[in-house]
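Remarks on the overall topology
The lines below spell out each chain.
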Amino acid sequence: MNAVISFTGLVKTYGGQNAVDDLSASVNQGRITGFLGPNGAGKSTALRCLVGLAAPSSGSAQILGVPYRELENPLSRVGTVLDSRGFHPALTGRQNLRVVAAAASIPDARVDEVLEMVELSEAANKKMKKYSLGMKQRLALAGAILGDPEILILDEPANGLDPAGIAWLRRFLRVLAEGGRTILVSSHQLAEMQHTVDDVLIINKGKLIAAGTKEQVMGPDSLEDAFLKLTGGSLS
Amino acid sequence: MSLLKSEWRKLVYVRAHWGLLVGAVVLAGFGTAVTPIILDSNSATFGLALDQQTAVDSVYANAISSYIFAIIIGIMLMSGEFRHGTAVATFLTAPKRGTVLANKLGIAAIGGALVMVLSTGAGIAAGWVTLSFFENVAEPSSGVFLNTMIAAVVSGSILGIVGVAIGTLIRNQMLAITGSLIYLFVVDPILLTLVPEAGKWLPSGLITAMLALDIQAPEFGIDTANYLPPLTATLVLLGYGVVFGVVAIATSLRRDID
């Protein structure tokens, strides 16, 4: 299979501590890959290095064979959701997306299309500060698919969602994956991810501790059981 | 062009920026409108009366007083990115940070110039209306309106750029705005009065110098005889813009985005 995302010996150090410690892994094309681990494991830091928001202390992270910063018109290749911030609270959902669309030379009509896809059309003219957490997450997803990218990188997209929101997200990711997209989704909710992902990368204390298809990593157990075995029973 | 369009949308979509424009217009208009009244009632103290051309010129020169709003717009354009986390979306969409900053500096320059042109225009109009109520008012010098508008455009553009640079260096928006206010309204005037030789190189001394006024009132901290020639002052202020612009780009290239 063709690897479209790769981490090679990635190290990111903050204040003498390795938040990410010699991470080498790859993500295959057309698969949903869960980037799993407890809070503070280094998932978000690794993803920030991957999309060029943080500079690696050493090693590298590449998408489609190049660092993110070297991608031409990156929004058309990679859609990213890092957190539910990232949008201006005093602007409406539609205005926020139009700012992004303008920067990527995407027509405004596409903004309305993606708002409909994430079921936010009726709230499009509402200020973002009046959005619920679930609505903010959906707006972030709308921003990620604005350029109709072939790769999606989602950091804890289910955070703060209620059960209905999580079910909606699961369906939404499946629809996106059926279109042949590669999706790298990070989460600390191992049980939930078991229903969503094809492949798994498990990280703990900055280090990769397991990688493979979901079935290979889980064996006969659940993902959570497999994780507890791999980490010696500690979810920290 | 796409990044310019995106940055322009950030400027015009945020209502607070329109509030700043209104504030600038009101401050310049009010400040200029009351200047003739103050000069007329205290002509002995100031040594200036409205039948003197210098006094009328200084009334119109007051129209340029809203330049702090140009800096604040620049600060809000940049530090707002960090305050609201929109820097993430900005740099994910356009990861070449130098290009993003160059476009943001361009829009800040345009925004600062627009604020200054509109507020200065409002100030000149307000000054003209107030002066029309007085008798024996001198004619303004032939260059005062042109000099004031040129100074408004140049200072607005450069201070917008300086604002973006400050917002890049000091990511806390309130701290950046408060620090700029303290500098421009406290530190800069004090330096201009106490150390005129150094003060004439500082922003408010340079902006006043660009107006090409002839006012000798050292007891009030204004003695334009000590100021730089208008063209030199314009070039020095442009130098400030270049230095701050380079600092903004260099700083944004290195730091991680939270």
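Residues numbered from 1 in each chain as written. Chains lettered and ligands numbered in written order. Predicted model: local features only at pLDDT ≥ 70, side-chain atom pairs only at ≥ 80, totals over all residues. Heavy atoms only, no water.

Describing the nonpolar core
Ile-5, Phe-7, Leu-50, Ile-63 and Ile-153 of chain A are the most contacted members of the largest nonpolar core, which totals 86 residues. Element by element, the count of residues in this core is highest for helix α5 (residues 67-83) of chain B, at 12 residues. Residues contacting Ile-5 of chain A, with those up to four places away along its chain left out, are Ala-25, Ser-26, Val-27, Leu-50, Gln-62, Ile-63, Ile-151, Ile-153 and Leu-184 of chain A. If you look at the next biggest cluster of nonpolar residues, it comprises 51 residues, including Val-100, Leu-120, Ile-202 and Phe-227 of chain A. (Core = buried A, V, L, I, M, F, W, Y, C linked by side-chain atoms within 4.5 Å. Buried < 20%, exposed > 50% of the residue type's maximum accessible area, 1.4 Å probe, protein only. Helix = DSSP H or I, 4+ residues; strand = E, 2+ residues; numbered from the N terminus. Contact = heavy atoms within 4.5 Å.)

Focus on the interface of chain B and chain A
With 26 residues of chain B at the contact, the number on the chain A side is 32 residues. Around 2,500 Å² of area is buried between chain B and chain A when both sides are counted, 56% of it from carbon and sulfur atoms. When the area that chain B buries against chain A is broken down by residue, the three leading residues are Tyr-13, Leu-92 and Thr-93 of chain B, summing to 26%. In this structure, the connection of chain B to chain A is made through 2 salt bridges. Asp-256 of chain B serves as the salt-bridge partner of Lys-12 of chain A, at 2.8 Å between the closest nitrogen and oxygen. (Buried area = accessible area lost by both parts, 1.4 Å probe. Salt bridge = Lys/Arg side-chain N within 4 Å of Asp/Glu carboxyl O.)

Some points on the side chain of Ser-180 of chain B
Residue and element names in this part refer to chain B. Residue position: Ser-180 is located in helix α9 (residues 173-194). Here Ser-180 falls in the buried class, since its relative accessible area comes to 6%. Contact partners of Ser-180, with chain neighbours within four places excluded, come to Ile-68, Ile-71, Ile-75 and Ile-166.

Side note on helix α8 (residues 144-169) of chain B
Between its first and last C-alpha atoms α8 of chain B spans 36 Å; for 26 residues at 1.5 Å apiece the expected length is 38 Å, and the two agree. Counting buried residues along α8 of chain B, 19 of its 26 residues qualify, which places the element largely inside the surrounding structure. (Expected span 1.5 Å × (residues − 1).)

Notes on unusual backbone geometry
The bulk of non-glycine residues show a negative phi, and the bulk of peptide bonds are trans. Residues and elements named next belong to chain A. Positioned with a positive phi, Leu-64 is a non-glycine residue whose angle comes to about 55°. Of note, the phi angle at Lys-205 is positive, near 50°, even though the residue is not glycine. Inspection of the secondary structure puts Lys-205 in the loop between β8 (199-204) and β9 (207-213). Overall, the relative accessible area of 59% leaves Lys-205 in the exposed class.

Things to note about the packing of helix α7 (residues 97-131) of chain B against α8 of chain B
All names here are of chain B. Two numbers describe how α7 lies on α8: the axes approach to 7 Å, and their chain directions differ by 140°. The angle between α7 and α8 falls in the class oblique. Between α7 and α8 lies a crossing whose hand is right-handed. Here α7 contributes Leu-101, Lys-104, Leu-105, Ala-108, Ala-109, Gly-112, Ala-113, Met-116, Val-117, Thr-120, Gly-121 and Ile-124 to the contact with α8, which in turn contributes Phe-145, Thr-148, Met-149, Ala-152, Val-153, Ser-155, Gly-156, Ser-157, Gly-160, Ile-161, Val-164 and Thr-168. In terms of residue class, the contact of α7 with α8 is built from 14 nonpolar, 9 polar and 1 charged. (Axes fitted to C-alpha atoms, helices over the stretch in contact; angles between N-to-C directions. Parallel < 35°, antiparallel > 145°, perpendicular 65-115°, else oblique. Left-handed = near helix turned anticlockwise from the far one by under 90°. Nonpolar A, V, L, I, M, F, W, Y, C, P; charged D, E, K, R; others polar.)

Observations concerning empty space enclosed by the protein
Using the criterion set out here, one finds 1 cavity of 30 Å³ or more in the structure. If you add up the space inside the largest cavity, you get close to 210 Å³. Around the largest cavity, the lining is made up of 17 residues, and of these Thr-80, Phe-87 and Ala-140 of chain A together with Ala-89 and Leu-92 of chain B lie nearest the centre. Where the lining of the largest cavity is concerned, the elements lending two or more residues are β5 (78-81) and α4 (133-144) of chain A together with α6 (86-93) of chain B. Top element by residues in the lining of the largest cavity is α6 of chain B. It accounts for 4 residues. Of the residues that constitute the lining of the largest cavity, the class distribution is 11 nonpolar, 4 polar and 2 charged. (1 Å grid on protein atoms, 1.4 Å probe; cavity = no way out; pocket = protein on both sides within 12 Å on 5 of 7 lines; lining within 4 Å. Points joined across faces, edges and corners; volume = space filled by probe spheres on them.)

Some details on the pairing of strand β3 (residues 32-36) of chain A
Residues and elements named next belong to chain A. Burial analysis of β3 places 5 of its 5 residues in the buried class, the great majority of the element. Burial along β3 is two-sided: the face carrying Ile-32, Gly-34 and Leu-36 and the face carrying Thr-33 and Phe-35 are both buried. Pairing between β3 and strand β7 (residues 182-187): 5 bridges, direction parallel. By the bridge assignment for β7, Ile-32 is matched with Ile-183. (Pairing = 2+ DSSP bridges.)

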